[in-house]
Amino acid sequence: MVAVSLSGRSKLWVLIKRFILRLIGGLIQKRNLNFQANSTMGICTSSEKFVQECRYTHAATEKLGVLLVNIGGPENLNGVQPFLCNLFADPDVIRLPKLFKFLQRPLAKLISILLALKTKQRYAAIGGGSPLRRITDEQADALRTALEAKNLHANVYVGMRYWYPFMEEAIQQIKRDRITKLVLLPLFPQFSISTTGSSIRVLQRIFMLLSKFEKPEEVLIFFSAHGVPVSYDQNAGDPYKDQIEECIYLIMRELKARYQSRLGPVQWLKPYTNEVLVELGRKDLADAVVEALPSAKSLSILRETAKESDCR
Ligand SMILES: C=CC1=C(C)c2cc3[nH]c(cc4nc(cc5[nH]c(cc1n2)c(C)c5CCC(=O)O)C(CCC(=O)O)=C4C)c(C)c3C=C
Ligand SMILES: [Fe+2]
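Per an unreviewed UniProt entry, the protein chain is named Ferrochelatase, and its organism is Gossypium schwendimanii. On record in UniProt, under Sequence similarities (unreviewed entry), the comment for the protein chain is "Belongs to the ferrochelatase family." A UniProt comment under Catalytic activity (unreviewed entry) is attached to the protein chain, and it reads "heme b + 2 H(+) = protoporphyrin IX + Fe(2+)".

Peer 1: An account of the overall build of the protein chain is needed here, citing residue identities and associated values.
Peer 2: Helix and strand counts for the protein chain come out as 11 helices and seven strands. Counting only residues that meet the buried cut, the protein chain has 38% of its 312 residues in that class. Long-range contacts, defined as pairs at least 24 residues apart, comprise 74% of the intrachain contacts of the protein chain with a sequence gap of at least 6. With an accessible surface of roughly 19700 Å², the protein chain has 57% of that area assigned to carbon and sulfur atoms.

Peer 1: Describe in detail the pattern of salt bridges, supporting the description with residues and values.
Peer 2: For side chains of opposite charge, pairing can occur when their charged atoms come near one another. Taken as a whole and judged by the stated rule, the model has seven salt bridges. Of the charged contacts, one joins Arg95 and Asp92 as a salt bridge, the two residues approaching to 3.5 Å between their closest N and O atoms. The pair Arg95 / Asp92 is uniform in exposure class, with both members buried. The partner of Arg144 in a salt bridge is Asp141, and the shortest N-O contact between them spans 2.6 Å. Taken together, the positions of Arg144 and Asp141, both in helix H5 (residues 132-149) and three residues apart, correspond to about one turn of that helix. Residue Arg144 is classed as partly exposed on the basis of its relative accessible area, which comes to 30%. Each of Asp92, Arg95 and Arg201 takes part in a single network of salt bridges with overlapping partners.

Peer 1: Provide a residue-level description of the pairing of strand S3 (residues 155-160), including the pertinent values.
Peer 2: With respect to burial, S3 is a largely interior element, five of its six residues being buried. Sheet topology note: the strand S2 (residues 64-70)/S3 ladder contains six bridges and is parallel. For Gly65, the partnering residue across the bridge sits in S3 and is Asn155.

Peer 1: Kindly report on the site of ligand 1, identifying the contributing residues and their values.
Peer 2: The local shell around ligand 1 holds 18 residues, among which Ile71, Gly73, Arg122, Tyr123 and Ser130 are the closest. Arg122 has a polar side-chain atom sitting 2.6 Å from an oxygen atom of ligand 1. Between Ser130 and ligand 1, the recorded distance is 2.5 Å, taken from a side-chain N or O atom to an oxygen atom. Contact with the protein chains covers 62% of the free accessible surface of ligand 1, which is 790 Å². Looking at the shell around ligand 1, the elements with two or more residues in it are helix H3 (80-88), helix H4 (104-125) and helix H7 (193-211).

Peer 1: Hey, could you go over H5 for me, with residue numbers and the actual values?
Peer 2: Here H5 is 18 residues long and its end C-alpha atoms lie 25 Å apart, about the 26 Å a rise of 1.5 Å per residue gives. Listed in full, the buried residues belonging to H5 are Thr136, Ala140, Leu143 and Leu147. Angularly, the buried residues of H5 cover 60° about the axis, an arc narrow enough to put them on a single face. Pointing more than 90 degrees away from the buried face of H5 are the exposed residues Thr145, Glu148 and Ala149. Downstream of H5 by one or two residues, Asn151 has phi in the positive range, about 60°.

Peer 1: Describe unusual backbone geometry, with residues and values.
Peer 2: For the peptide bond that leads from Tyr164 to Pro165, omega is -10°, which places it in the cis range. Inspection of the secondary structure assignment puts Pro165 in the loop between S3 and helix H6 (167-176). Residues other than glycine seldom take positive phi values, yet Asn151 does so here, at roughly 60°. When you line up the elements, Asn151 lands in the loop between H5 and S3. With phi around 55°, Arg178 is a residue other than glycine that occupies positive phi space.

Peer 1: Explain the packing of aromatic side chains to me, and be specific about the residues and the numbers.
Peer 2: The tally for this structure, following the rule as stated, stands at four aromatic pairs. When the centroid spacing of 6.4 Å and the interplanar angle of 90° are considered together, the rings of Phe83 and Trp163 count as edge-to-face. Pair noted here: Phe83 is in helix H3 and Trp163 is in the loop between S3 and H6, with a separation of 80 residues, a long-range link. An identical accessibility class is assigned to Phe83 and Trp163; each is buried. Judged by centre distance (4.9 Å) and plane angle (65°), the rings of Tyr164 and Phe166 are edge-to-face.

Peer 1: Describe H3, listing the residues and the values that go with them.
Peer 2: Among all positions of H3, only Val80, Phe83, Leu84, Cys85, Leu87 and Phe88 are buried. Contacts from the buried residues of H3 go to H4.

Peer 1: So what about a nonpolar patch on the surface? Which residues, and what values?
Peer 2: Residues Leu99, Phe100 and Phe102 make up a contiguous nonpolar surface patch of about 350 Å² in total accessible area. Its location among the elements puts Leu99 in the loop between H3 and H4. The exposure class assigned to Leu99 is exposed, which follows from its relative accessible area of 68%.

Procedures and definitions
- Residues numbered from 1 in each chain as written.
- Chains lettered and ligands numbered in written order.
- Predicted model: local features only at pLDDT ≥ 70, side-chain atom pairs only at ≥ 80, totals over all residues.
- Heavy atoms only, no water.
- UniProt positions renumbered as here; feature names shortened; annotations may be inferred.
- Helix = DSSP H or I, 4+ residues; strand = E, 2+ residues; numbered from the N terminus.
- Buried < 20%, exposed > 50% of the residue type's maximum accessible area, 1.4 Å probe, protein only.
- Contact = heavy atoms within 4.5 Å.
- Areas by Shrake-Rupley, 256 points an atom, 1.4 Å probe, with all protein chains shown as cover.
- Salt bridge = Lys/Arg side-chain N within 4 Å of Asp/Glu carboxyl O.
- Pairing = 2+ DSSP bridges.
- Near = heavy atom within 4 Å.
- Polar contact = N/O pair within 3.5 Å; in protein donor to acceptor, adjacent residues only side chain to side chain.
- Expected span 1.5 Å × (residues − 1).
- Arc of directions from axis to C-beta.
- Phe/Tyr/Trp six-rings, centres within 6.5 Å; stacked < 30°, edge-to-face > 60°.
- Patch = residues over 30% accessible without salt bridge, like charges linked within 9 Å, V, L, I, M, F, W, Y side chains within 5 Å.

This is the structure we're talking about:
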């Protein structure tokens, strides 16, 4: 046990912190958790069911993945405050009434800052960071080995709820690996809304997005990138166009690029977003419009799509 002596001023600070945390606690409300079964996701509750799942999947030539889910934890002290912020930003951890939902992020930030020092001391006392990632990776390796020993084929992934590797990253990998059936294996020893419940919600959100479309396999995704004058590409050796094309190719092989943000009378990279959109609009084909470079989310695509939808 570590004894910490506090000056009068820091005692007052502790009291203020306690008061704020109590106040926040009072705002937190109980809500019911409403789960919906999802056909593409199995939740493993017993080892027997899991083995059945593998055998069935093997027989049906599906590609099975197992996602080990855990809370995650900061590997060093720098990660403590952002980790806490992720944790408290989860509406399954701080359960605010609907009316106060807009406070979720600012509250998470505030609480994480208030708790950071004390939490850092805790992590410092166990070696300066959480061992959870290492332990969970070891569990994943052990599961892989055990499955192979039984001649059962499944890719094993690790996804953390509040820290690296995040569940969202694991899902991206699962999609890249074209897993057709996913078993979610929460490593929390007991069920709680704040642990297993929250992890299931993340997956539900991701899979709900895909299931919004009646035939997800037929969804047309439309990429649009900022354009440059053709002379950049053809005379000045600008690699932009090639990189955009490659980027899109890597994201989704079957898609073609369209270009927006044309300026002036000269010819820009074609086909132009606005022209293709009108064409797609006529055919009622576009299900989604995607920016090729998410980091450069520009107003231009919104402006051009708005312009065209006005025309319709
Ligand atoms: C497995 C059961 C767990 C439940 C239920 C749970 C609920 C819960 N936790 C917090 C706040 C914190 N949890 C923290 C760390 C932490 N929590 C669990 C497990 C459960 N939490 C684990 C395994 C860990 C350690 C992660 C790691 O770094 O290895 C922390 C930060 C550390 C600390 O201060 O102890 C906080 C804060 C809430 C509010 C909550 C339910 C509402
Ligand atoms: Fe916890």
